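Residue strings, one per chain:
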Amino acid sequence: MDLSNINPILLVASIMISATPILLAAIGEMVVEKSGVLNLGVEGMMITGAVIGFIVAINTGAPLLGFVTAAMAGAVLSLSFGVLTQVFLSNQVATGLGLTLVGLGLSSLLGKPYEGMKTVTLPKLDIPILSDLPVVGRMFFSHDIMVYISLGIVIAVWAFLKFTRAGLILRAVGESHESAHALGYKVIRVRLAAIMFGGACAGLGGAYLSLVRVPQWTEGMTAGAGWIALAIVVFASWRAGRVLVGAYLFGGITVLQLNLQAAGLTWGVQYLSMSPYLITILVLVFISSNRKRSSHDAPANLGQTFHATR
Amino acid sequence: MIRLEKRPQPSKAWTVATPILAVILTMIFGGIMFGLIGTSPFEAIRTIFWDPLFDPTFAAFSRPQLLVKAGPLILIAIGLSIGFRAGIWNIGAEGQYIMGAIFGAGAGLALYPMESVLILPLMILAGALGGWAWAMIPALLKVKFGTNEILVSLMLVYVAENLLASVSSGILRNPEGMGFPGSRNLAQWSSSQNLELIPNTGMHLGVLTAFIAVILAYVLLTRHIQGFNIRLTGEAPRAAKFAGVSPARTVLFCLGLAGALAGMAGLFEVTGPAGQITIDFGSGYGFTAIIVAFLGRLHPVGILLAGLLMALTYIGGELAQLMLGVPGASIQLFQGMLLFFLLGVDVLTNYRVRFGSGEVRA
């Protein structure tokens with residue numbers, strides 16, 4: 001094994017790339033959970049976004065259009081979850097699982113003819129002056145546009161929840177749907193909007209996997225990224241800034257283990273591949289062992305069905 | 001204006017009717033889906049649901065397959081349903097299934113080439129133990145630290161898949177396999193083989209165990225205090241606490257039972273239909289079993305029927321792949337849709353649909 005092959009500048013740059021899909025999915029899911037809805041279908045929406053984005057990008061040659069349609073596909077798919085849980089009052093855990101199964105099936109059906117094809121990926125966007133800085137320039141300021149968009153979404157979500165009236169209503173719906181309903185807020189509409197935002201973000205995240213990170217379509221390519229995004233929301237105790245930290249930490253672990261594999265570590269490749277999942281479990285244990293704090297952070301009505309009796 | 005009004009008690013009639021309604025809706029929308037991908041809807045539905053059982057050329061082969069596929073699904077779903085009843089969401093049955101197979105096969109292969117009638121029972125025990133131990137990880141973490149069992153059990157599926165890849169090209173690899181990954185064939189070693197009990201029926205030891213599990217689960221849920229406690233925990237957690245039901249013990253029991261059953265299902269599969277530990281041994285039974293559990297209304301008898309139906313879609317799906325060139329993934333989508341429709345129409349069980357506005361007029 002030759003560790004000197006690992007270039008620290010490239011390492012940081014690739015951490016940003018590998019963290020972006022999870023970051024997008026996690027920030028969307030955080031908004032959904034803030035509104036009191038637990039959508040376990042992130043994996044299904046991500047992989048649907050991945051396949052739709054890939055198909056559109058290949059047929060039009062425009063990766064950005066792929067991202068837009070992937071976001072729309074994610075939103076439409078999440079709407080099916082929204083209608084089932086909010087209108088038909090189904091169990092959110094079971095419906096979310098169903099959404100994942102539907103998404104996995106749908107994506108492999110749609111993606112079959114596109115397996116192994118190559119697509120045009122997003123160009124690197126060199127930010128003038130900043131990207132010419134030594135070391136830091138290559139690390140942070142020479143990425144494709146989606147990396148910056150994902151960071152922009154994180155800041156926008158943070159500001160939306162903290163400073164706007166609409167953000168306050170969304171949080172109120174998540175903390176106590178009965179009170180929000182009594183005040184005249186449309187609980188179900190707010191939740192449906194949040195669910196669709198989450199779906200769109202997951203779709204973007206999936207498309208980033210198939211259009212930039214890999215860039216190829218393979219069946220089941222999200223490989224649990226959606227579930228990891230869910231874990232990151234818990235890790236972040238429902239705060240936008242910490243979602244960013246969590247996603248980048250996780251991206252770091254993934255990239256590091258890939259680099260170790262590439263550096264010629266032959267023994268136990270499988271043990272390295274399982275490390276991101278094991279570390280996620282460890283982090284979850286660490287977060288939840290601090291029970292008193294973490295139970296206060298979760299939105300009070302998370303996962304509960306709302307049925308207006310009056 | 002259509003309104004929903006909560007029923008004081010879930011409707012008995014709709015509890016039975018909703019799964020049937022969901023199957024019909026899935027057939028309609030599945031038919032539309034097949035139409036969109038260029039297959040005749042009627043032919044596709046007939047190939048999936050009718051031909052495996054009644055077509056003169058295929059039925060002889062596919063009827064036994066029905067039990068072979070339904071066995072593990074039922075066995076896993078029974079375990080999951082008991083947890084779901086208590087509000088404990090173990091969705092990592094796929095991992096427990098894989099670990100059961102690894103443990104069981106490992107225990108057997110350690111004794112190879114000894115011949116003894118005790119080897120298969122030992123392997124079954126080891127398989128159950130492997131699945132149980134794997135499920136104890138989320139259970140203990142939940143009890144000790146309050147960690148979410150959904151995420152932990154699911155993460156462990158990916159860990160188990162990597163372990164499977166590791167052992168099938170490492171410690172359990174067939175020394176006479178010319179370097180190819182994969183263990184010795186357990187179905188060809190007389191001490192470990194899990195043969196059909198009645199020829200040409202597909203009825204092997206695992207299917208028998210699944211049927212016994214259905215009966216025991218029924219007894220547990222309707223006649224035993226532990227089953228009552230489980231139902232109480234799921235339906236009224238506060239009442240359960242006041243009644244002295246320990247939440248920790250319920251978690252350990254439910255996850256442990258589901259893990260042990262999934263582990264046994266894995267062991268029966270590896271000694272019978274699959275034959276050996278290979279990288280692609282995990283076949284998704286652990287995930288499909290979630291659909292089976294819900295389709296069966298978390299009721300043992302319902303799960304028995306749902307398992308058979310789901311097995312039919314597997315076999316019919318393979319047949320449709322072969323005969324009509326339908327992509328294999330469309331069956332996965334079909335099964336997912338079934339769960340979706342079921343959850344959607346379930347509203348009729350718990351709510352009454354009322355027409356007209358609910359406003360009070362002076």
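Residues numbered from 1 in each chain as written. Chains lettered and ligands numbered in written order. Predicted model: local features only at pLDDT ≥ 70, side-chain atom pairs only at ≥ 80, totals over all residues. Heavy atoms only, no water.

**Q** Sorry if this is basic, but what is going on with helix α1 (residues 12–36) of chain B here?
**A** In an α-helix, one full turn covers 3.6 residues, which means residues spaced three or four apart are oriented alike. All names here are of chain B. For α1, with 25 residues, the first-to-last C-alpha span of 37 Å sits near the 36 Å given by 1.5 Å per residue. Approximately 30 degrees is the largest bend angle found in α1, and it occurs at Thr18, with the proline Pro19 only one to four residues beyond. Turning to α1, its buried residues number three or more, namely Thr18, Pro19, Ala22, Val23, Thr26, Gly30, Gly31, Met33 and Phe34. Between the side-chain oxygen at the start of α1 and the backbone nitrogen of Ala13 there is a gap of 3.4 Å, and the oxygen is on Ser11. (Helix = DSSP H or I, 4+ residues; strand = E, 2+ residues; numbered from the N terminus. Expected span 1.5 Å × (residues − 1). Bend = angle between axes of the 7 residues up to and from the residue. Buried < 20%, exposed > 50% of the residue type's maximum accessible area, 1.4 Å probe, protein only. Polar contact = N/O pair within 3.5 Å; in protein donor to acceptor, adjacent residues only side chain to side chain.)

**Q** Sorry if this is basic, but what is going on with the nonpolar core here?
**A** One broad trend across soluble globular proteins is that nonpolar side chains are buried collectively. By size, the foremost hydrophobic cluster in this structure holds 193 residues, and its most contacted members are A:Ile27, A:Phe67, A:Trp227, B:Ile76 and B:Ile277. Ranked by the residues each element gives to this core, the list is headed by helix α9 (residues 187–213) of chain A, at 13 residues. For A:Phe67, the residues in contact, after removing those within four places along its chain, are A:Leu122, A:Met146, A:Leu204, A:Ala207, A:Tyr208, A:Leu211 and A:Val212. (Core = buried A, V, L, I, M, F, W, Y, C linked by side-chain atoms within 4.5 Å. Contact = heavy atoms within 4.5 Å.)

**Q** Got a minute to help me understand the interface of chain B and chain A in this structure?
**A** How big an interface is tends to be expressed through the accessible area that disappears when the partners come together. With 40 residues of chain B in contact, the opposing surface of chain A contributes 43 residues. For the pair chain B and chain A, the two sides together bury roughly 3,600 Å², of which 81% comes from carbon and sulfur. Summed over the three residues of chain B that lose the most area to chain A, namely B:Leu151, B:Met155 and B:Phe340, the buried surface amounts to 19% of that side. Scanning the region where chain B abuts chain A turns up two residue pairs in polar contact (both at pLDDT 80 or more). Counting residues per element, the side of chain B that touches chain A draws most heavily on helix α7 (residues 149–168) of chain B, at twelve residues. (Buried area = accessible area lost by both parts, 1.4 Å probe.)

**Q** What am I meant to see in the packing of α1(B) against helix α2 (residues 41–49) of chain B here?
**A** Axis angle and axis distance: for two packed helices, these are the angle between their axes and the distance between the axes, and together they describe the pair. Residue and element names in this part refer to chain B. Interhelical geometry of α1 versus α2 gives an angle of 120 degrees and a closest axis separation of 8 Å. With respect to α2, the axis of α1 lies oblique. The interaxial crossing formed by α1 with α2 has right-handed handedness. In this structure, α1 uses Met27, Gly31, Phe34 and Gly35 to contact α2, whose residues at the interface are Pro41, Ala44, Ile45, Ile48 and Phe49. (Axes fitted to C-alpha atoms, helices over the stretch in contact; angles between N-to-C directions. Parallel < 35°, antiparallel > 145°, perpendicular 65-115°, else oblique. Left-handed = near helix turned anticlockwise from the far one by under 90°.)

**Q** Would you mind showing me how to read the packing of helix α12 (residues 285–295) of chain B against helix α13 (residues 300–324) of chain B here?
**A** Residue and element names in this part refer to chain B. α13 packs onto α12 with a crossing angle of 130 degrees between their chain directions and a minimal axis gap of 8 Å. One way to sum up the angle between α12 and α13 is to call them oblique. The element α12 and its partner α13 pack so that their crossing is right-handed. Along the contact surface, α12 presents Tyr285, Thr288, Ile291, Val292, Ala293 and Leu295, while α13 presents Ile303, Ala306, Gly307, Leu309, Met310 and Tyr314.

Taken by themselves, the reported measurements are silent on function.
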